[in-house]
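Coordinate analysis (summary)
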Amino acid sequence: MSEQGSSPRVLDHMDHDSARQALLDVRHEVAKAVVGQDATVTGMLIALLSQGHVLLEGVPGVAKTLLVRALSAALSLDTKRVQFTPDLMPGDVTGSLVYDSHTSEFTFREGPVFTNILLADEINRTPPKTQASLLEAMEERQVSVDGVSRPLPAPFLVAATQNPVEYEGTYPLPEAQLDRFLLKLTMPLPGRQDEMEVIRRHAAGFDPRDLTAAGVRAVAGAADLSKARQAVASVAVDPEIIGYIVDLVRATRSAPSFLLGVSPRGATALLNTSRSWAWLSGRSFVTPDDVKALALPCLRHRVALQPEAQMDGVRVDDVLGSILASVPVPR
């Protein structure tokens, strides 16, 4: 084959490799500000590669907001934060028509949803009507006001947070909206060594409001994400892997502890995230281990426990773990 004929393929391969390295470097940059949350950062990158959204769950003070800000800075993406409260209106998120006295016309004023990464802080503290205002943005990547649809910037990701222990005065997300989130990532309390590192940094003058001083710099951008998504689309998926994903999802529908199993949308999400993780790991094909690695964050919010199981203290992750252990793995 001539050099001219092979050049585009070689260039594509080099572009994909450089995009992968840039996204891997993002994890190092975020770690300059956030300690001990590498798995969550990786999950956010997988969501961006898979063009999905993330539900972040963790007690206050585990750096959920800081993580989103640091990730945006490392990716050179625009980010906005909305504090969801009981009196928040849909227009406060999506934007609304405002009367201009100079032109005697109504003009559209964009809401904070017009950004690359929207941090929807404590999303379960706002009523269902305002929660639902995000549905079109998440699914269609557009906002419709007064019959006019306006596209959102690309890339676009909603990172919604909620507190897992404080339910008073909250409005739990309905199953239909939970299913719109690609991943549910849990942010645990740090281990002793990680917590000591957090305190050490603060003692040395770390300011979470000044990411530049912390050394966080942009190492990737929208162009890298675009190249990476093209590469992910070429990751091979064996028919046996597809069968494995379907068997896992169908097992959730017959599990005695579950009132509600995973829908086909959940199976598609597991496929897409497994491909993204395989590509980030440097492989051009999906393995059963890729599927297992993404099964919990991809499925845990798409199931519902039976009331009896809830009273017995059964955990969703434990039931999913039993399913993963029982469904035959393709060889």
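What you see is a predicted model, and the numbers here were worked out from it, not measured in a lab.

Digging into the overall build of the protein
- When you go through the protein residue by residue, the secondary structure sums to 14 helices and eleven strands.
- Against the 2.2 N^0.38 benchmark of 20 Å for 331 residues, the protein shows a C-alpha radius of gyration of 21 Å, consistent with a compact globule.
- Here the C-alpha coordinates of the protein stretch approximately 70 × 65 × 50 Å along the principal axes.
- Every one of the 331 residues in the protein was classed for burial, and the buried ones make up 47%.
- Total accessible area on the protein stands at roughly 16400 Å², and carbon and sulfur atoms take up 53% of it.
- In the protein, 32 positive and 39 negative side-chain charges are present, and the distance between their average locations comes to 3 Å.

So, the side chain of Q37
- Along the chain, the position of Q37 falls in the loop between α1 (3-31) and α2 (38-49).
- Residue Q37 is classed as buried on the basis of its relative accessible area, which comes to 5%.

Considerations on the packing of helix α10 (residues 239-254) against helix α12 (residues 288-299)
- For the pair α10 and α12, the least separation of the axes is 10 Å and the interaxial angle reads 30 degrees. If you check the angle between α10 and α12, you find them roughly parallel. Remark: the crossing between α10 and α12 carries right-handed chirality. Residue-level inspection shows I241, Y244, I245 and L248 of α10 in contact with α12, the latter providing P288, V291 and K292.
- Across the contact of α10 with α12, the residue classes tally to six nonpolar, no polar and one charged.

Structural notes on the environment of N272
- Mapped onto the fold, N272 is located in helix α11 (residues 264-280).
- When its relative accessible area of 28% is taken as the criterion, N272 is described as partly exposed.
- Along the backbone, N272 and N124 are 148 residues apart, and their C-alpha atoms lie at a distance of 27 Å.

Observations concerning the nonpolar core
- By size, the foremost hydrophobic cluster in this structure holds 73 residues, and its most contacted members are L23, V26, M44, L71, L75, F258 and W279.
- The element that contributes the greatest number of residues to this core is α2, accounting for seven residues.
- In terms of nonpolar packing, the next biggest core, distinct from the first, is built from 23 residues, V82, I123, A137 and A160 among them.

Quick word on the pattern of salt bridges
- Throughout the structure, instances matching the rule amount to 15 salt bridges.
- Residues E122 and R125 are paired through a salt bridge, measuring 3.2 Å at the closest nitrogen-oxygen approach.
- Given the relative accessible area of 24%, E122 is considered partly exposed.
- Here the salt bridges do not stand alone but share partners, grouping E29, K32 and R217 into one network.

Things to note about unusual backbone geometry
- Of the consecutive residues A154 and P155, the connecting peptide bond is found in the cis state with omega at 0 degrees.
- Counting through the fold element by element, P155 comes out in the loop between β7 (148-151) and β8 (157-162).
- A positive phi angle, near 75 degrees, is found at A63, a position not held by glycine.
- By relative accessible area, A63 is classed as partly exposed at 26%.
- Non-glycine residue S76 carries a positive phi angle of around 55 degrees.
- Judged by relative accessible area, which is 51%, S76 ranks as exposed.

Quick word on empty space enclosed by the protein
- Counting across every chain of the model gives one cavity of 30 Å³ or more.
- For the largest cavity, the calculated volume is near 40 Å³.
- For the largest cavity, the full set of lining residues is L248, A295, L296, L299, L320, I323 and L324.
- Taken together, the elements giving at least two residues each to the lining of the largest cavity come down to α12 and α14 (316-326).

Details of the packing of α12 against α14
- Between α12 and α14, the least distance of the axes is 10 Å, while the angle of their chain directions is 145 degrees. You can see that α12 and α14 cross each other, and the crossing is right-handed. Judged by residue contacts, K292, A295, L296 and L299 of α12 engage D317, L320, G321 and L324 from α14.
- Tallied by class, residues from the contact of α12 with α14 come to five nonpolar, one polar and two charged.

Some words on the sheet that holds β8
- Sheet architecture is open: five strands sit in the order β2-β5-β8-β1-β9, paired in parallel fashion. Unpaired on one side and paired on the other, β2 (79-83) and β9 (183-186) mark the two borders of the sheet. Averaged over all adjacent pairs, the angle separating strand axes in this sheet is 20 degrees, with direction ignored.
- Bridge count between strand β5 (residues 117-121) and β8: four bridges; the pairing is parallel. Each residue of the ladder has a partner; that of L119, found in β8, is A159.
- In this fold helix α3 (residues 64-74) packs onto β1 (54-57), β2, β5 and β8, with an angle of close to 175 degrees to the strand it touches most, β5.

So, how was this worked out
Residues numbered from 1 in each chain as written. Predicted model: local features only at pLDDT ≥ 70, side-chain atom pairs only at ≥ 80, totals over all residues. Heavy atoms only, no water. Helix = DSSP H or I, 4+ residues; strand = E, 2+ residues; numbered from the N terminus. Rg over C-alpha atoms; globule rule 2.2 N^0.38 Å. Buried < 20%, exposed > 50% of the residue type's maximum accessible area, 1.4 Å probe, protein only. Areas by Shrake-Rupley, 256 points an atom, 1.4 Å probe, with all protein chains shown as cover. Lys, Arg positive; Asp, Glu negative; His and termini not counted. Charge placed at Lys NZ, Arg CZ, Asp CG, Glu CD. Axes fitted to C-alpha atoms, helices over the stretch in contact; angles between N-to-C directions. Parallel < 35°, antiparallel > 145°, perpendicular 65-115°, else oblique. Left-handed = near helix turned anticlockwise from the far one by under 90°. Contact = heavy atoms within 4.5 Å. Nonpolar A, V, L, I, M, F, W, Y, C, P; charged D, E, K, R; others polar. Core = buried A, V, L, I, M, F, W, Y, C linked by side-chain atoms within 4.5 Å. Salt bridge = Lys/Arg side-chain N within 4 Å of Asp/Glu carboxyl O. 1 Å grid on protein atoms, 1.4 Å probe; cavity = no way out; pocket = protein on both sides within 12 Å on 5 of 7 lines; lining within 4 Å. Points joined across faces, edges and corners; volume = space filled by probe spheres on them. Pairing = 2+ DSSP bridges.

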